[in-house]
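# Chain and residue survey
As a plain string of letters, each chain reads:
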Amino acid sequence: MLSKVDSFNKGVMDQMDNYKQLIFGAKPKWTVILTVTACGASALVLLLKWFGHQQSWKKIQKAKVRRERSLQRAEHAVCQFNESHPETDTSLILSLSLAELSKQLKDGTLTPQAVFHSYMEKTLEVNRRLNCCTEVLLESWDQLEDVDSHKDGLLYGVPVSIKENIGYKGHDSTCGVICKLDLPATGDSVLVEVLKRQGAIPFVKTNVPQGLQNFDCGNPIYGLTLNPHNPQKTSGGSSGGEGALIGGGGSVLGLGSDIGGSIRIPSSFCGICGFKPTANRLSLRGASSCTRGQKSVLSSLGPMARDVDSLALCMQALLCDHMFRLDPTTDTYLLDNHRVYQSSKSLRIGYYENDGYAMPSPSMGRALRETKALLEKAGHTVSTPQPQSDLFVIIQIRAWGLLGDGGTTLLSHLKGGPVDPCLRDQIIPYSLPRTVNKILSILLKPIFPRIAASLDSLRGVGSVQDLWRHHADVEDYIHEVIAEWRRCELDVLLCPMVGPAYIHNYPGQLTSTLTYTVIYNLLNFPAGVVPVSTVTAEDEEELRHYKGNYGDLWDKLYKKAVTGGEGLPVAVQCVALPWQDELCLRFMREVEMLVREDKK
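Residues numbered from 1 in each chain as written. Predicted model: local features only at pLDDT ≥ 70, side-chain atom pairs only at ≥ 80, totals over all residues. Heavy atoms only, no water.

The name given to the protein chain in an unreviewed UniProt entry is Fatty-acid amide hydrolase 1, with Oncorhynchus mykiss as the source organism.

Written as structure tokens, this is what we have:
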């Protein structure tokens with residue numbers, strides 16, 4: 001029998017065992033609970049991601065079905081028209097310039113119905129080869145029935161293609177990103193309204209790269225667009241669908257947008273003419289963007305066509321009182337088509353062949369020299385102005401403008417779906433922390449100074465004060481350049497144009513080559529592109545020995561990107577001072593005429 005003390009001790013020991021069991025026995029239970037909770041949370045995250053991807057996939061499939069139905073209905077309508085109008089001479093209609101086409105529409109030689117269906121048939125054929133259209137605008141048949149009410153319009157009866165991001169009532173303007181699907185425009189963009197008022201018939205939307213901030217042309221919704229001259233090459237971007245469609249003969253006139261070369265590069269790659277007006281010359285109202293609110297580097301809408309006269313006619317049609325009423329924020333300066341555009345006065349032309357940053361390919365350099373020689377032979381004066389400021393500083397100013405947020409806004413538009421291969425390499429540094437980009441830029445500076453400067457600029461603008469300082473730097477640079485033009489008494493400038501067309505997926509790795517185009521967005525100078533030559537076998541042979549200005553990774557990638565370009569178009573770029581759009585077009589026309597005469 002236990003004593004009272006022993007009983008008490010035993011009770012204490014039993015109680016301690018209970019406490020031990022309570023404390024230490026609970027540990028495995030909490031571990032299980034935490035483990036189950038963590039696994040459940042992970043499963044939930046994966047489930048939500050899977051659900052998000054499923055929703056994205058459904059949206060993409062819905063858009064593809066919508067596009068396919070519009071193409072099928074257009075095909076059916078074209079077949080019906082051809083059966084009932086066997087006399088239509090489609091090949092003749094397609095061979096006419098915009099000026100000739102417009103004249104024959106106005107005098108009744110051609111009917112809007114014949115022209116519309118001829119171009120619709122050709123568009124369907126080109127799209128089958130190049131995948132350049134995102135949707136046929138079926139409402140265009142309704143407009144065709146009512147087109148005679150606008151017979152006095154400058155573009156009466158002319159079918160016009162429009163870039164996918166330009167608003168058309170009832171249709172998406174996705175910019176190639178999934179988050180903008182199923183958000184149809186509630187009304188037409190200003191320029192679409194003006195086109196309709198001038199008698200034009202917007203009939204198809206054309207493809208773009210994902211997010212628009214790229215000069216390839218592919219996205220997860222509508223796929224990859226091919227170059228009309230070589231399917232292994234890109235059509236350019238971001239107005240790549242327009243370039244491919246017009247270059248392939250499926251459209252006589254199109255509208256694109258340009259914030260770093262997005263009209264000019266596809267025009268160069270596809271062998272057509274393109275014009276970036278002074279910003280705010282044409283209304284941007286109703287055009288979609290993935291970087292809306294960015295004001296440092298300005299975007300412009302502008303025309304793309306087979307010849308310069310078509311660009312001038314389109315500008316004349318758009319710069320009308322109706323556009324100014326719809327958007328009073330645009331400049332009310334009408335295009336004086338006769339006084340400046342048709343002038344034969346000799347020009348003082350600035351010229352440079354290499355900006356010291358991105359060396360042109362042999363074909364680009366040759367085409368530029370040949371054009372310079374033709375201009376001098378025609379009596380124009382050509383001189384070389386002094387370059388302004390350190391180009392590395394200018395590149396940083398440009399990047400801080402376009403990517404002042406470090407790419408955050410663009411990346412936010414890519415969430416919830418796949419990233420297209422054409423954009424994948426480009427956005428890798430956008431996703432890195434600012435500190436990592438800074439460290440990489442310091443480490444790479446002695447070896448690859450261009451890449452280092454680019455990474456440093458991708459850190460974005462750190463404060464409002466920095467943003468204001470950036471805007472002041474841009475203003476100073478603009479006035480520096482204008483002062484040099486004045487000192488040299490220049491009218492216009494002839495300079496290299498990015499090209500020839502790159503192999504698919506290389507543009508995202510070669511934003512370094514955009515120095516020849518984005519600089520004129522930064523300066524807000526009107527600029528246009530004219531095809532003047534094609535790549536020769538001799539150019540390809542010389543390309544084998546291409547080293548570039550730095551001999552770095554970018555120069556080596558560029559050589560690979562443009563290799564295999566024999567027969568591809570090569571263009572030059574024509575530039576004028578702000579608001580002198582007519583003079584820029586006149587210079588482009590002069591280049592076009594001299595090149596045409598030289599080939600006879």
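## Description of the nonpolar core
As a reminder, the rule being used: Only buried residues count toward a nonpolar core. Its members are Ala, Val, Leu, Ile, Met, Phe, Trp, Tyr and Cys residues joined through side-chain atoms within 4.5 Å. The cut-offs for exposure are 20% and 50% of the maximum accessible area for each residue type, with area from a 1.4 Å probe on protein chains only; residues under the lower value are buried, those over the upper are exposed, and the others partly exposed.
With 153 residues, the main nonpolar core has Tyr 502 and Tyr 520 as its most contacted residues. Ile 60, Leu 181, Ile 221 and Tyr 222 belong to the second largest nonpolar core, which has six residues in total.

## Brief notes about the confidence of the model for the protein chain
Cut-off, in case you're wondering: pLDDT is a per-residue confidence score from the predictor, ranging from 0 to 100. Contacts are assigned to residue pairs with any non-hydrogen atoms lying within 4.5 Å of each other.
Across the protein chain, pLDDT averages 91, with 89% of residues at or above 70. For the stretch residues 19–27, pLDDT sits under 50, and the model shows two contacts to residues farther than four places along the chain or on other chains.

## Description of the pattern of salt bridges
Under the convention used in this document: Salt bridges are identified by distance alone: a Lys or Arg side-chain nitrogen within 4 Å of an Asp or Glu carboxyl oxygen. Put simply, DSSP H or I for four residues or longer makes a helix, DSSP E for two residues or longer makes a strand, and each gets a number counted from the N terminus.
This structure, assessed with the given rule, holds 25 salt bridges. The residue Asp 555 makes a salt bridge to Arg 450 at a minimum N-O spacing of 3.2 Å. Of this pair, Asp 555 sits in helix α20 (residues 553–562) while Arg 450 sits in helix α16 (residues 449–457), placing them 105 residues apart in sequence. Given a relative accessible area of 4%, Asp 555 falls into the buried group. What makes Arg 450 buried here is its relative accessible area of 1%. When salt bridges that share partners are traced, they join Lys 62, Arg 66, Asp 172 and Asp 182 into one network.

## A look at the sheet that holds strand β12 (residues 527–534)
Operational definition: Think of it this way: DSSP has to see at least two bridges between two strands before they count as a pair. Lines are fitted to the C-alpha atoms to define the axes, a helix being fitted only along its stretch in contact, and any angle between axes, read from their N-to-C directions, falls within 0 to 180 degrees.
Taken together, the eleven strands give an open sheet; going across it, the order is β1-β3-β2-β6-β8-β7-β12-β13-β11-β9-β10, and neighbouring strands pair in mixed fashion. The two strands at the open ends of the sheet, each matched to only one other strand, are β1 (133–136) and β10 (381–383). When strand polarity is set aside, the average angle formed by the axes of neighbouring strands in this sheet is 30°. In this structure, strand β7 (residues 273–276) lies alongside β12, joined through three bridges in antiparallel fashion. Among the inter-strand pairings, Lys 276 is bridged to a residue of β12, identified as Ala 527. Contacts between helix α11 (residues 362–377) and the sheet are confined to β9 (348–351), β10, β11 (492–496), β12 and β13 (569–576), with β11 contributing the most and set at about 150° to the helix.

## Topic: the pairing of strand β2 (residues 159–163)
Applied cut-off: By the criterion used throughout, a crossover qualifies as right-handed when its path from the first strand across the helix to the second strand runs clockwise, the strands pointing away from the viewer.
Across the five residues of β2, five count as buried, placing the element largely inside the fold. A two-sided burial pattern is seen for β2, the buried positions comprising Pro 159, Ser 161 and Lys 163 on one face and Val 160 and Ile 162 on the other. Pairing analysis gives five bridges linking β2 to strand β3 (residues 201–206), with the strands arranged parallel. Bridge pairing in β3 links Lys 163 to Thr 206. Between the parallel elements β2 and β3, the chain passes through helix α6 (residues 190–197) in a crossover that is right-handed.

## A look at unusual backbone geometry
The step from Gly 237 to Ser 238 runs through a cis peptide bond, and the omega angle for that step is 10°. Along the polypeptide, Ser 238 turns up in the loop between β5 (223–224) and α7 (240–247). A cis amide bond links Gly 499 with the next residue in sequence, Pro 500, at an omega value of -10°. Here Pro 500 shows up in the loop between β11 and α18 (515–522). The residue Glu 489 is not glycine, and still its phi comes out positive at about 55°. When you line up the elements, Glu 489 lands in the loop between α17 (464–488) and β11. Unlike most non-glycine residues, Asn 524 shows phi in positive territory, near 60°. With respect to the helices, strands and loops of the structure, Asn 524 is situated in the loop between α18 and β12.

## Structural notes on the packing of α16 against α20
How we decide: Roughly parallel means an angle under 35 degrees; roughly antiparallel means over 145; roughly perpendicular covers 65 to 115; every other angle is labelled oblique. Amino acid classes used here: Ala, Val, Leu, Ile, Met, Phe, Trp, Tyr, Cys and Pro are nonpolar; Asp, Glu, Lys and Arg are charged; the rest, including Gly, are polar.
Where α16 contacts α20, the two axes come as close as 8 Å, and the packing angle between them is 100°. Between α16 and α20, the angle falls in the class roughly perpendicular. Contacts between α16 and α20 involve Arg 450, Ile 451 and Ser 454 on the former and, on the latter, Leu 553, Trp 554 and Asp 555. A breakdown of the residues in the contact of α16 with α20 according to their chemical character gives three nonpolar, one polar and two charged.

## So, the environment of Ala 305
By the secondary structure assignment, Ala 305 is in strand β8 (residues 300–305). For Ala 305 and Gly 247, which are 58 residues apart along the polypeptide, the C-alpha to C-alpha distance reads 8.4 Å. When sequence neighbours within four positions are dropped, the list of residues in contact with Ala 305 reads Ile 246, Val 252, Leu 253, Ile 272, Cys 273, Ser 310 and Leu 311.

## Regarding the packing of aromatic side chains
Spelled out, the test is: Between rings of Phe, Tyr and Trp, where Trp is taken as its six-membered ring, a pair exists when centres lie within 6.5 Å; planes separated by under 30 degrees are stacked, by over 60 edge-to-face, and by other angles tilted.
Under the criterion given, the structure shown has nine aromatic pairs. With centroids separated by 6.4 Å and ring planes inclined at 70°, the aromatic side chains of Phe 116 and Phe 203 adopt a geometry described as edge-to-face. Taken as a pair, Phe 116 in helix α4 (residues 112–130) and Phe 203 in strand β3 lie far apart in primary sequence, 87 residues in all. Phe 203 carries the same exposure label as Phe 116, and that label is buried.

## A look at the pairing of strand β6 (residues 253–258)
With six of six residues buried, β6 is to be regarded as a mostly interior element. Of the two faces of β6, the one lined by Leu 253, Leu 255 and Ser 257 and the one lined by Gly 254, Gly 256 and Asp 258 are each fully buried. Of the pairings in the sheet, the one linking β2 to β6 comprises two bridges and is parallel in character. In the sheet register, Ile 162 faces β6, and the bridge partner there is Leu 255. Sheet topology places β6 next to β8; six bridges connect them, and they run antiparallel. Directly across from Leu 255, in β8, lies its bridge partner Pro 303.

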